Amino acid sequence: HSSEAIDDNVLVSNVGCLFENMKRSSVLSTAKDDLASLRKTFFSIGVHIHFDGDLPDDTEISTAFAEIIHEAVTNAVRHGFATEVSVHLQSDSNGYCLDISDNGHGAPDGMIEGRGIDGMRSRVIAHNGKFIINLLPCFTISVTVPKGD
């Protein structure tokens, strides 16, 4: 009977891992699907979104990054009249980085931060990250989030 108990424990453990992996995969594919849809939608109005790199494996960070990308692209087109947006994603042993830049008009006279910027910043702060906006030479949003939070 002791070998059956071990098998039951192994089975329960494996099923738990399987459900975790399915949940993680589902959220990741949702974030990836959202970005694919975003790219297709903006392409239909003449805006090209260029992706370099992949979303993080961490589902919470991946979802936050997808939401930030969505807001940043929308802002670039709405406020900066951008036709090209570049999204660079990378990770290393310390954390995850996201840089978004565009060819829009930028904010030569400065900018007023609204709810969209506040929402992006809040998503980053929730993961103990840094959110930086550079206005020159082009409008750029840079995000870094440490691993393990």
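Residues numbered from 1 in each chain as written. Predicted model: local features only at pLDDT ≥ 70, side-chain atom pairs only at ≥ 80, totals over all residues. Heavy atoms only, no water.

### Regarding the overall build of the protein
Applied cut-off: The secondary structure listing takes helices from DSSP runs of H or I that are at least 4 residues long and strands from runs of E that are at least 2 residues long, numbered from the N terminus. Here the term buried applies to any residue with accessible area under 20% of the maximum for its type, exposed to any over 50%, and partly exposed to those in between, with areas from a 1.4 Å probe on protein chains only. Residues count as neighbours in contact if any of their non-hydrogen atoms are within 4.5 Å of one another. Only the protein chains shown count as cover for residues, with accessible areas throughout obtained via the Shrake-Rupley method and a probe of 1.4 Å.
Each helix and strand in the protein was counted, giving 3 helices and 5 strands. In the protein, the succession of α and β elements from N to C terminus is α-β-α-β-β-α-β-β. Here the protein, with 149 residues, has 31% of them falling under the buried criterion. Relative to all contacts within the protein whose residues are 6 or more apart in sequence, the contacts with residues 24 or more apart total 58%. In the structure as shown, the protein presents an accessible area of about 9,300 Å², 54% of it carried by carbon and sulfur atoms.

### A closer look at the pairing of strand E2 (residues 84–91)
For a regular strand, side chains alternate in direction, first toward one face of the sheet and then toward the other. Heads up, the rule is: Paired strands, in this sense, are two strands between which DSSP finds at least two bridges. Looking down the strands as they point away from you, a crossover is right-handed if its path from the first strand over the helix to the second goes clockwise.
By the bridge criterion, 5 bridges tie strand E1 (residues 48–52) to E2 in an arrangement that is parallel. Within the sheet, the bridge partner assigned to His 50 lies in E2 and is Ser 86. You can see the chain leave E1, run along helix H2 (residues 59–80) and come back into E2, and the turn it takes is left-handed. With antiparallel pairing between neighbouring strands as the criterion, E2 and strand E3 (residues 95–102) make up a hairpin whose turn holds 3 residues.

### A short note on the sheet that holds E2
Put simply, the test is: In this analysis, axes come from line fits to C-alpha atoms, helices being fitted only over the stretch in contact, and the angle between any two N-to-C directions falls in the range 0 to 180 degrees.
What the 5 strands build is an open sheet, ordered E1-E2-E3-E5-E4; its pairing is mixed. The outermost strands of the open sheet, each flanked by one partner alone, are E1 and strand E4 (130–134). Each strand of the sheet is rotated relative to its neighbour by a mean of 10°, with strand direction disregarded. Here E4 pairs with strand E5 (residues 140–146) via 5 bridges, running antiparallel. The residue of E5 that forms the bridge with Asn 134 is Thr 140. Seen against the sheet, H2 touches E1, E2, E3 and E5 and runs at an angle of roughly 10° to E3. Taken strand by strand, helix H3 (residues 115–125) contacts E4 and E5, and its axis lies near 145° from that of E4.

### Some points on unusual backbone geometry
The backbone phi angle of Phe 81 is positive, close to 55°, even though this residue is not glycine. Tracing the chain through its elements places Phe 81 in the loop between H2 and E2. Of note in this structure, Asn 128 is not a glycine but carries a positive phi near 60°. Residue placement: Asn 128 occurs in the loop between H3 and E4. Using a relative accessible area of 54% as the deciding quantity, one classes Asn 128 as exposed.

### Describing the nonpolar core
What counts, and what does not: Here the nonpolar core consists of buried residues drawn from Ala, Val, Leu, Ile, Met, Phe, Trp, Tyr and Cys, with membership extended through side-chain atoms lying within 4.5 Å.
Ranked by size, the top nonpolar core spans 31 residues in total, and within it Phe 65, Ile 69, Val 85, Val 87, Leu 98, Ile 100 and Val 143 carry the most contacts. When contributions to this core are tallied by element, the ones reaching two or more residues are helix H1 (2–43), H2, E2, E3, H3 and E5. It is H2 that provides the largest number of residues to this core, a total of 9 residues. With sequence-adjacent residues up to four places away left out, Ile 100 is seen in contact with Ile 68, Ile 69, Ala 72, Val 85, Ser 86, Val 87, Phe 139, Thr 140 and Ile 141.

### Re H3
This is how it is decided: To obtain the arc, one takes the directions from the helix axis to the C-beta atoms.
Taken as a whole, H3 has its buried residues at Gly 116, Ile 117, Met 120 and Val 124. The arc enclosing the buried residues of H3, seen along the axis, measures out at 100°, which places them on a common side. More than 90 degrees from the buried face of H3, the exposed residues found are Arg 115 and Ile 125.

### Things to note about the pattern of salt bridges
Under the convention used in this document: We define a salt bridge as a contact between a side-chain nitrogen of Lys or Arg and a carboxyl oxygen of Asp or Glu at a distance within 4 Å.
All told, the structure shown has 1 salt bridge when counted by the stated rule. Here Arg 123 and Glu 67 are joined by a salt bridge, their closest N and O atoms 2.6 Å apart. You can see Arg 123 sitting in helix H3 and its partner Glu 67 sitting in helix H2, a full 56 residues away along the chain.

Read these as geometric descriptors, not functional statements.
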